[in-house]
Each structure stands twice: as C-alpha cells, then as structure tokens.
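Below, each chain spelled out in residue letters.
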Amino acid sequence: MELKFDEQGLIPVIVQDAQTDQVLTLAYMNKESLELTLKDRLMTFYSRSRQELWRKGETSGNYQHLVSLTADCDQDALVAKVQKDGPACHTGTESCFTEMLFGESDEKQVQLSDLYALIKGRKTEPKEGSYTSYLFEKGLEKILKKIGEESTEVVIGAMKADRQETIFEAADLTYHMLVLLVEMGISVEEVQQELSKRHVVDHKVKQETLK
C-alpha cells in the first residue's frame, strides 16, 4: 500500500481511544512523523503552524500509545487507535471535540475518564453540599464501606433478575469505585492497561495471577 500525502507532504490522522472508540483529535503526519510513530509506537505528528514534528505528551506527559493504524479506501487519510496516558486536548478535556453544533438530544454520553476527572475535582477543590466531597472528607474507611454496600445491592438486584435495578446499582458501584481510585491516586488508564495486559476472559484462571 502506498499512502497518498497532499501537496504539502501531509496526511490527516483521526485519533481514537482504543478502549471507547471516542474520537480524541484530528492531526497531521508527514512521512517522518509516520515512521517515528510506527517505530516507537508513540503518536508523533507534524505541526502545520510551527512547521515541525511534535510528539504527543512530550511536554504534558499525556502520551498516546499506538494500538492500530488504518488507512481509508483512497489511502489519503488515517485512523489511529491509541491508549492514552491522559487527556487528549491541551485544554484538559479528554477529547478535542467538545463543541456541539447539532444534535437531537442534549444528553451527553458520560465517559468514565470524564467522571473520574469530575470526582477528582471534588477532592482537590471540595464543594459544600457535595456528596463526593463528603466521602473524601470521611476518608478511606467510609468509601470502602459504601463499596461494600453497593456491591451487595448489585447482587440483590441480579438475584431478583431485575435488569433495571441491577443497572441502577451497578452505576452506583461504578461511581463509588471511581471515588476509591481517586482516593488512592489510581487512574482509569492504569486499570484499563491492567485489563489490556491480561488477554484472558474465557479461561478459568484467577485474574490476579495473570502477568
């Protein structure tokens, strides 16, 4: 396959989160940045404004690790799926695409990383009346107690074969798990990376022993 670079020697690259398929950013590569990306498995682009190569995360630490790279049918555009070490946008958001121009619903699909960031903000900048800030104020013992309670509620809902109740309680459990991760300084990406390393879901093997 021979990729088609434009008259400026560039090719557009759509970057997606390999875990969620969320579109993170649109950038450009030249042949050199493409070669570096494939060699080091770290996303490297060409800045049209600065007219120089730049590796995502070099200054912020939010590196993007290449998982796959696919060309379109005309070989003049690329889609890169990545595992990211932090927010994709320089503004601190998970994606550069945040401004809604058209949509039939104002409802936004919540990303775990966005919820994590919101919860983390309630720890670093406590808000009066916030339940999340209250949990952090009470500390680890209170958070663990809530996780135990919510785990039990999930089991009860599932035992009753009540789908809606199970969804509701699973959401509560997920929220409290994120609170625990923030309390312990563990990122969502670290958990995703641990899951990605295992590659085993169908064998009767204790997950914690997989390396």
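Residues numbered from 1 in each chain as written. Predicted model: local features only at pLDDT ≥ 70, side-chain atom pairs only at ≥ 80, totals over all residues. Heavy atoms only, no water.

S.K.: Any details on the nonpolar core? Residues and values, ideally.
M.R.: Grouped together as the largest cluster of nonpolar side chains are 14 residues, with contacts concentrated most on Val 13, Val 15, Met 29, Met 43, Phe 45 and Leu 78. Broken down by secondary-structure element, the contributors of at least two residues to this core are strand 1 (11-17), strand 2 (23-29) and strand 6 (78-84). Not counting residues within four places of it along the chain, the set of residues in contact with Met 43 comprises Val 13, Val 15, Met 29, Thr 37, Trp 54, Arg 55, Lys 56, Gln 64, Leu 66, Ala 80 and Val 82. Counting 13 residues, the second-largest nonpolar core is a separate cluster that includes Tyr 116, Phe 136, Tyr 175 and Val 182. (Core = buried A, V, L, I, M, F, W, Y, C linked by side-chain atoms within 4.5 Å. Buried < 20%, exposed > 50% of the residue type's maximum accessible area, 1.4 Å probe, protein only. Helix = DSSP H or I, 4+ residues; strand = E, 2+ residues; numbered from the N terminus. Contact = heavy atoms within 4.5 Å.)

S.K.: Can you tell me about the sheet that holds strand 1, naming the residues and giving the values?
M.R.: Ordered by their spatial adjacency, four strands build an open sheet running 2-1-6-5, and the pairing between neighbours is mixed. Bordering the open sheet on either side are strand 2 and strand 5 (64-71), each of which pairs with just one other strand. Between one strand axis and the next, the sheet turns by 30° as a mean value, whatever way the strands run. Examined bridge by bridge, strand 1 and strand 6 share five bridges and lie parallel to one another. Residue pairing in the sheet places Gln 16 in a bridge with Lys 81 of strand 6. Lying on the sheet, helix 1 (residues 31-40) is in contact with strand 2, strand 5 and strand 6; it crosses strand 5 at an angle near 120°. (Pairing = 2+ DSSP bridges. Axes fitted to C-alpha atoms, helices over the stretch in contact; angles between N-to-C directions.)

S.K.: Kindly report on helix 3 (residues 131-138), identifying the contributing residues and their values.
M.R.: Listed as buried for helix 3 are Thr 132, Ser 133, Leu 135 and Phe 136. Seen along its axis, helix 3 keeps its buried residues to an arc of 155°; they face one direction. Projecting away from the buried face of helix 3 at angles above 90 degrees are the exposed residues Glu 137 and Lys 138. In this fold, the buried residues of helix 3 make contact with helix 2 (112-124), helix 4 (140-159) and helix 5 (163-184). Two residues or fewer past helix 3, Gly 139 is found with a positive phi of approximately 100°. (Arc of directions from axis to C-beta.)

S.K.: Before we move on, can you summarise the packing of helix 2 against helix 3 with the specific residues and values?
M.R.: Two elements in contact, helix 2 and helix 3, have axes whose closest approach is 8 Å; the angle formed by their N-to-C orientations is 55°. Taken together, the axes of helix 2 and helix 3 lie oblique to each other. In this structure, helix 2 meets helix 3 at a crossing whose hand is right-handed. Of the residues in helix 3, those touching helix 2 at Ile 119, Arg 122 and Lys 123 are Thr 132, Ser 133 and Phe 136. Of the residues contributing to the contact of helix 2 with helix 3, the split by class is two nonpolar, two polar and two charged. (Parallel < 35°, antiparallel > 145°, perpendicular 65-115°, else oblique. Left-handed = near helix turned anticlockwise from the far one by under 90°. Nonpolar A, V, L, I, M, F, W, Y, C, P; charged D, E, K, R; others polar.)

S.K.: Explain the pattern of salt bridges residue by residue, including any values.
M.R.: This structure, assessed with the given rule, holds 11 salt bridges. Note that Glu 183 is salt-bridged to Lys 123, the shortest N-O span being 3.2 Å. Here Lys 123 lies in helix 2 and Glu 183 lies in helix 5, a separation of 60 residues in the sequence. For Glu 183, a relative accessible area of 24% corresponds to the partly exposed category. Owing to a relative accessible area of 34%, Lys 123 belongs among the partly exposed residues under this scheme. For the salt bridge of Glu 165 with Lys 160, the shortest nitrogen-to-oxygen distance reads 2.7 Å. The network of salt bridges with common partners includes Asp 17, Lys 84, Glu 94 and Glu 189. (Salt bridge = Lys/Arg side-chain N within 4 Å of Asp/Glu carboxyl O.)

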